[in-house]
Amino acid sequence: MNTSKPRADSAAQNNQDNNNEHNRLARKAGSILRIHHLNCGTMCPACQKLINGYGSWKKPAKLVCHCLLLDTSVGLILVDCGFGSRDLQNPQGRLGSTFLKLARPTLDKTETALYQIQALGYDPQDVKHLIPTHLDLDHAGGLSDFPAASVHVLEAELLQIVQPDMRDLLRFRTVQFEHQPQWIVHGQTQTGTQSQSQSAKRWFGFDAIAPIAELANDLLLIPLIGHTKGHVGVAVRQDKKWLLHCGDAYFHHSQVTAQPRMPAGLRFFENLVKTYRKPRLQSLARLQQLAVQHADEVSLFCAHDPHELMRYTSH
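Residues numbered from 1 in each chain as written. Predicted model: local features only at pLDDT ≥ 70, side-chain atom pairs only at ≥ 80, totals over all residues. Heavy atoms only, no water.

### Details of the overall build of the chain
- Helix and strand counts for the chain stand at 12 helices and 13 strands.
- Among the 315 residues that make up the chain, the fraction classed as buried is 51%.
- A total of about 15,400 Å² of accessible surface is found on the chain, and carbon and sulfur atoms cover 51% of it. (Helix = DSSP H or I, 4+ residues; strand = E, 2+ residues; numbered from the N terminus. Buried < 20%, exposed > 50% of the residue type's maximum accessible area, 1.4 Å probe, protein only. Areas by Shrake-Rupley, 256 points an atom, 1.4 Å probe, with all protein chains shown as cover.)

### So, the pattern of salt bridges
- Scanning all chains against the criterion turns up 8 salt bridges.
- For Asp136, the salt bridge is made with Arg171, and the minimal N-O distance between the two is 2.9 Å. Of this pair, Asp136 sits in the loop between β4 (127-131) and α7 (137-140) while Arg171 sits in helix α9 (residues 166-171), placing them 35 residues apart in sequence. Arg171 shares its class with Asp136; the two are buried.
- Taking the shortest distance from any N to any O, the salt bridge between Asp218 and Arg237 comes out at 3.2 Å. A residue pair is termed long-range when its members are at least 10 positions apart, and Asp218 in the loop between β9 (206-208) and β10 (219-223) and Arg237 in strand β11 (residues 232-238) qualify at 19 residues.
- In this structure Arg237 comes out as partly exposed when scored by relative accessible area, which is 32%.
- The network of salt bridges with shared partners includes Asp165, Asp168 and Lys229. (Salt bridge = Lys/Arg side-chain N within 4 Å of Asp/Glu carboxyl O.)

### Some words on the confidence of the model for the chain
- Counting all residues, the mean pLDDT for the chain is 89, and 86% of those residues have values of 70 or more.
- Throughout residues 1-23 the model reports pLDDT below 50, and contacts reaching past four residues in sequence, or to other chains, amount to 0 contacts.
- Within the model, pLDDT remains below 50 along residues 188-195, and this stretch shows 17 contacts once partners closer than five positions in the same chain are excluded. (pLDDT = per-residue confidence, 0-100. Contact = heavy atoms within 4.5 Å.)

### Things to note about the side chain of Glu111
- One can find Glu111 in the loop between α5 (97-103) and α6 (113-119).
- Here Glu111 sits buried without a salt bridge, and the closest side chain of opposite charge, Lys62, lies 6.8 Å off (N-O distance).
- Setting aside chain neighbours within four positions, we find Glu111 in contact with Asn39, Cys40, Gly41, Thr42, Thr106 and Gln116. (Lys, Arg positive; Asp, Glu negative; His and termini not counted.)

### Digging into the sheet that holds β10
- On the basis of which strands lie adjacent, the open sheet formed by 4 strands has the order β10-β11-β12-β13 and mixed pairing. Among the strands making up the open sheet, the edge pair consists of β10 and β13 (298-301). The sheet shows a mean angle of 25° between the axes of neighbouring strands, direction not considered.
- Here β11 runs beside strand β12 (residues 241-245); their pairing, made up of 5 bridges, is antiparallel. Considered in β12, the bridge of Val234 is made with His245.
- Its contacts with the sheet place helix α11 (residues 277-293) against β12 and β13, and it is angled at close to 135° to β13. (Pairing = 2+ DSSP bridges. Axes fitted to C-alpha atoms, helices over the stretch in contact; angles between N-to-C directions.)

Okay, structure coming up:
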């Protein structure tokens with residue numbers, strides 16, 4: 001009788017049992033089990049040379065919506081959401097004609113976070129927390145695909161939506177929030193939304209907030225004010241190193257190197273969409289310093305640079 005197959009099956013079952021036990025203990029302890037890097041929206045604005053800094057003056061550029069899916073002890077967590085399924089169903093109403101003409105998003109169903117979560121074998125209902133770096137339309141469109149999840153924001157960011165000034169009304173697409181997100185506001189608020197104050201932390205010299213108590217040692221909000229009033233980076237511990245999702249605190253990978261070489265078109269756009277000039281430049285300078293001085297401890301990436309996304313998805 002050939003007994004090799006039963007032994008192989010038994011070994012595979014033992015490995016699976018060991019993995020299950022490891023995951024069970026990790027979940028009990030409170031930790032991040034796995035990190036997925038997703039592109040939740042490709043945009044193709046005019047002029048590759050001006051936007052990406054290489055290639056043709058005539059070919060379209062490529063920008064991405066770099067999001068994170070975290071498999072954690074408290075469920076799934078999305079850092080930024082990109083474009084959502086409702087954006088694809090009603091692009092004019094939810095994104096606006098100006099954005100569609102300038103950014104030229106592909107609006108591919110397979111790039112939505114909802115589709116990719118299912119493709120990875122997860123249940124979308126297991127998405128318990130959403131952490132947008134800010135609430136611009138290309139970061140918050142997917143919020144409505146997960147209406148039961150808690151959405152973590154700084155108070156200043158939320159006020160742009162619930163108490164908008166004229167500039168806010170032009171910038172943010174309030175239709176993307178009509179599903180009434182389950183806001184968790186970090187900082188005191190007078191808006192009637194749920195409020196959650198956290199004790200201040202320090203992280204490599206930055207102020208930091210632990211948005212989820214069970215993951216206080218592994219997941220932090222890092223205020224990076226400037227692009228919007230309540231813009232944050234999101235620091236995620238991966239083994240012995242940290243990842244820092246910088247959102248739109250910068251747009252091109254060279255900006256956090258010792259020799260920045262920002263493409264002219266991207267530089268123009270970055271200046272055009274800033275809310276506060278001085279805080280944005282201060283945040284950028286501190287991120288550059290962090291990247292140069294702590295490269296062995298922290299890996300930085302922004303939301304829209306395809307070069308940086310490939311760093312995590314090409315293998």
